[in-house]
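# Overview (structure and organization)
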Amino acid sequence: MSALPAPQPVALEAHDGRTLAGLLLEAGAARGALAINGATGFRREFYLKFAAYSAQRGYHSLVYDYRGIGASAHLPLAQERACMSDWGLLDMPAALESLAGRYPRLPLVTLGHSVGGQLIGCMPNQSRARAHVMIATSTGYWRRQRVPFRYQALAFWKLYGPWMLRRYGYVPRGALWTGESLPRGVFLQWRSWCLSAAPFGAALDAQLSDAGFAAVRAPLLSWGFRDDPIATPAAVEALLGSYANAPIERRWTAPAEIGARAIGHHGFFAEAHRDSLWRAALDWIDARCA
């Protein structure tokens, strides 16, 4: 493989004028471009090693922070008005549009981790992508999660989060939340989604009423992991029901199958899985971009 590409800072402009901070890793002989949409509370840097591998495999790869997170948090968090649906309706489309503008002749693909796959149907430009990969992506309804994690999640929604909002005006990292600090609107909307069993879309939240989940028709790879307490089979299927017209390939991997002790909700992106999970994901993308 070629040498590791150096990430280039790029500014992404969303439709509402908001600027997001991205890092672009360019491939040598490119065969496509990949937008990597992160999970809640994960900074763009978490995905850099996977992005570098993807660039080595021939895909210009873009990682970025959603509004209110990491390098895209331009306001004091207590003043930030972002909500989670903004990430799918505005930020994820801005990332894909940026790649389309830079590389108009290359096929585009998205790879989303958790919420970054969940909200594909919110993107008004999702049809620009040749294919989509969902990693550990599902609904967040707490009763579909595994015990004892579901009770930890319930404590986060009912106790820790509301208490932090009253105290700080946002939800900081702490005992029940190890991710990046969350703006009020992001936490409250996420909380409402995770406390409801309604199908993902307008029935779940009026702010998703313009989303087009059923309009997604590109091939979709949904990849779950047997030890993930969040994206359980029931939770994954509940989400995929909203993508009724997409040709979906479902994959489930247990840690022992790849010689790992654990994968969980975010272990896919560990560099130890470069020659197993990463390679297989890029092989699937290659087949759709050939």
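Structure: see above.
Below: a short report on this structure. (Residues numbered from 1 in each chain as written. Predicted model: local features only at pLDDT ≥ 70, side-chain atom pairs only at ≥ 80, totals over all residues. Heavy atoms only, no water.)

### Concerning the sheet that holds strand β1 (residues 8–13)
As a reminder of what qualifies: Two strands qualify as a pair provided DSSP detects at least 2 bridges between them. Secondary structure elements follow DSSP: runs of H or I of four or more residues count as helices, runs of E of two or more count as strands, with numbering from the N terminus. Interaxial angle, 0 to 180 degrees, is taken between N-to-C directions of lines fitted to C-alpha atoms, where a helix line uses only the stretch in contact. The contact criterion used is simple: two residues touch if any of their non-hydrogen atoms lie within 4.5 Å.
Within the open sheet, the 8 strands sit side by side as β1-β2-β4-β3-β5-β6-β9-β10. Their pairing is mixed. Either end of the sheet is taken by a strand with one partner, and the two such strands are β1 and β10 (248–253). For this sheet, the mean angle separating the axes of adjacent strands, direction not counted, is 20°. Of the strand pairs in this sheet, strand β3 (residues 32–37) and strand β4 (residues 59–64) are connected by 4 bridges, and their pairing is parallel. Within the sheet, the bridge partner assigned to L34 lies in β4 and is S61. On top of the sheet, helix α7 (residues 274–289) reaches β3, β4, β5 (108–113), β6 (129–135), β9 (220–225) and β10; it is set at about 160° to β6, its chief contact.

### Remarks on helix α1 (residues 48–56)
Condition: Throughout, exposure labels follow a simple rule: accessible area from a 1.4 Å probe, protein chains only, divided by the maximum for the residue type, with under 20% read as buried, over 50% as exposed, and the rest as partly exposed.
In terms of burial, α1 is a largely internal element, 7 of the 9 residues being buried. Along α1, the residues that are buried comprise F50, A51, A52, Y53, S54, A55 and Q56. At the C-terminal side of α1, G58 shows a positive phi close to 105°.

### Quick word on the pairing of β1
Where β1 and strand β2 (residues 19–25) come together, 6 bridges link them in antiparallel fashion. Note that in β2 the partner of L12 across the bridge is L20. Remark: 5 residues form the turn of the hairpin made by β1 and β2, two consecutive strands paired antiparallel; G17 in that turn has positive phi of roughly 90°.

### Comments concerning the packing of aromatic side chains
A ring pair, where both rings are aromatic, is described by two values, the distance of the centres and the angle of the planes. Note the cut-off: Two aromatic rings, drawn from Phe, Tyr or Trp (for Trp, its six-membered ring), form a pair once their centres lie within 6.5 Å of each other, and the interplanar angle then sorts them: stacked below 30 degrees, edge-to-face above 60, tilted otherwise. A ring is considered to have a charge above it if a Lys NZ or an Arg CZ atom is located within 6 Å of its centre and within 35 degrees of its normal.
Across all of its chains, the model carries 28 aromatic pairs by this definition. Between the aromatic rings of F156 and W157, the centroid separation amounts to 4.8 Å while the plane-to-plane angle is 55°, which identifies the pairing as tilted. Residue F156 shares its accessibility class with W157, and that shared class is buried. Feature note: the residues F42, F46, Y47, F50, Y53, W223, F225, F268, F269 and W278 constitute an aromatic cluster, connected by ring pairs. Against the face of W223 rests R251, its NZ or CZ located 5.1 Å from the ring centre.

### Brief notes about the nonpolar core
Rules: Here, the term nonpolar core denotes a set of buried Ala, Val, Leu, Ile, Met, Phe, Trp, Tyr and Cys residues that are joined through side-chain atoms within 4.5 Å.
One finds F50, I135, V171, Y243, F268 and I285 to be the most contacted residues of the largest nonpolar core, which totals 89 residues. Sort the elements by how many residues they give to this core and helix α2 (residues 84–102) lands first, with 9 residues. In contact with I285, other than residues within four places in its own chain, are L34, Y59, V109 and V133.

### Some words on the layout of surface pockets
Counted only if it meets this: In this analysis a 1.4 Å probe is tested at points of a 1 Å grid over the protein atoms alone, and where it fits but cannot get out there is a cavity; an open set with protein on both sides within 12 Å along at least five of seven lines is a pocket; lining residues have an atom within 4 Å of a point. Grid points are joined across faces, edges and corners, and a volume is the space filled by probe spheres set on the points. Polar here means any residue outside two lists: the nonpolar Ala, Val, Leu, Ile, Met, Phe, Trp, Tyr, Cys and Pro, and the charged Asp, Glu, Lys and Arg; Gly therefore counts as polar.
In this structure, the largest pocket spans a volume of roughly 770 Å³. In this structure, the largest pocket is lined by 33 residues; those nearest its centre are F42, W177, W190, I230 and H265. Looking at the lining of the largest pocket, the elements with two or more residues in it are α3 (115–118), α4 (149–168) and α5 (184–194). For the lining of the largest pocket, the leading source of residues is α4, giving 5 residues. Class assignment for the residues of the lining of the largest pocket results in 16 nonpolar, 14 polar and 3 charged.

### Observations regarding the environment of F50
Within the secondary structure, F50 sits in helix α1. For F50, a relative accessible area of 0% corresponds to the buried category. Between the C-alpha atom of F50 and that of A270, which follows or precedes it by 220 residues, the distance is 8.1 Å. Not counting residues up to four positions away in its chain, the partners in contact with F50 are L34, I36, L111, F268, F269, W278 and L282.

### Let's talk about empty space enclosed by the protein
Counted according to the given criterion, the structure contains 3 cavities of 30 Å³ or more. Space inside the largest cavity adds up to approximately 50 Å³. As for the largest cavity, its lining consists of I36, G38, F42, R44, Y47, V63, Y64, D65 and Y66. Residues belonging to the lining of the largest cavity are distributed by class as follows: 6 nonpolar, 1 polar and 2 charged.

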